[in-house]
Amino acid sequence: MVLTRRARLLVSVAMATAATVSSVMWGAGKATGAVSAPVPVSAPVPVAAVAAKPVPAYRSVAPEADISHHGHVSLWGEELGVWLLSENHGPSDVMRSTVRLRFSVALTGRQEMPSACLQADARTVLCRTGPLRAGGAAGRQFALELQLAGRPNEVVVRIDTAWNGGVTDRNPQNDRHEVLAPATGDEYVF
């Protein structure tokens, strides 16, 4: 690890300040009954070196929520069905979020989708969930029947949260999925 001269100066200033403050607050040696000796003070430190980066008095913390997406995918012929339930397991409510569906095969023609969904490009659909209450109650359901270009043998569908409304999600594993759907007409659950 390489330390610059300025970094070494800042570290030594911080250590000297901590030692001085600790000695002043606790009294050097008073706990053991020893006589206090004056704490040596080093040469004055330029203010610019100490105040290089101010620390805010407090930091705003984003509310925490756990957004999840579950459902199933089915492929038959040129049609792909995606049934999706988006929920929030809390502890905070989410005012709005966006789920992204990406496909390994391009969509073709005009797609009939729910009003909360739109086609972002040839292989991506975005759906806004609206408010998601904490506790998984009243999640948002989507049912999409999409037309694919050609008759693929399989399609990979990637589901994730494109935008989470500004909350902190410490469990992103339950809102990111990748599903391989062979053209069998069967439901493949995620």
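Bear in mind the structure is a predicted one, so any value in this text is a computation, not a measurement.

Draft legend 1. Highlighting the overall build of the chain. When you go through the chain residue by residue, the secondary structure sums to two helices and nine strands. Element order for the chain, N to C, with α for helix and β for strand: α-α-β-β-β-β-β-β-β-β-β. Here the chain holds 190 residues, and 31% of them are scored as buried. In the chain, the proportion of contacts linking residues at least 24 apart, taken out of those at least 6 apart, comes to 70%. Looking at the chain as shown, the accessible area adds up to about 12200 Å², and 57% of this sits on carbon and sulfur atoms.

Draft legend 2. Structural detail: the state of the cysteines. In the structure shown here, the tally under the stated rule is one disulfide. Note on cysteine connectivity: Cys117 is disulfide-linked to Cys127, with sulfurs 2.0 Å apart. The disulfide joining Cys117 to Cys127 has a torsion of about 110° about its S-S bond and is therefore right-handed. Here Cys117 is found in strand β4 (residues 117-121), whereas its partner Cys127 is found in strand β5 (residues 124-128), with 10 residues between them in sequence. Residues Cys117 and Cys127 agree in their burial class; the two are buried.

Draft legend 3. Structural view of unusual backbone geometry. Cis geometry marks the peptide bond from Gly90 to Pro91, where omega comes out at 15°. Along the chain, Pro91 falls in the loop between β2 (79-88) and β3 (98-103).

Draft legend 4. Region of interest: the pairing of β4. Sheet analysis places β4 next to β5, joined by four bridges and oriented antiparallel. Across the sheet, residue Asp121 finds its bridge partner in β5, namely Thr124. The hairpin turn running from β4 into β5, its antiparallel successor, is two residues long.

Draft legend 5. Region of interest: the sheet that holds β4. Pairing is antiparallel across the open sheet formed by five strands, whose spatial order is β4-β5-β3-β7-β8. Sheet topology places β4 and β8 (177-182) at the edges, where each strand pairs with a single neighbour. Taken over all neighbouring pairs, the strand axes of this sheet differ in orientation by 25° on average, direction set aside. Here β3 runs beside strand β7 (residues 154-163); their pairing, made up of six bridges, is antiparallel. Note that in β7 the partner of Arg102 across the bridge is Arg158.

Draft legend 6. Structural view of the sheet that holds strand β9 (residues 188-189). What the four strands build is an open sheet, ordered β6-β2-β1-β9; its pairing is antiparallel. Two strands close off the open sheet at either side, each with one partner strand: β6 (140-147) and β9. Of the strand pairs in this sheet, β2 and β6 are connected by eight bridges, and their pairing is antiparallel. Paired with Leu85 across the strands is Gln141, a residue of β6.

What counts, and at which threshold
Residues numbered from 1 in each chain as written. Predicted model: local features only at pLDDT ≥ 70, side-chain atom pairs only at ≥ 80, totals over all residues. Heavy atoms only, no water. Helix = DSSP H or I, 4+ residues; strand = E, 2+ residues; numbered from the N terminus. Buried < 20%, exposed > 50% of the residue type's maximum accessible area, 1.4 Å probe, protein only. Contact = heavy atoms within 4.5 Å. Areas by Shrake-Rupley, 256 points an atom, 1.4 Å probe, with all protein chains shown as cover. Disulfide = S-S within 2.5 Å. Pairing = 2+ DSSP bridges. Axes fitted to C-alpha atoms, helices over the stretch in contact; angles between N-to-C directions.

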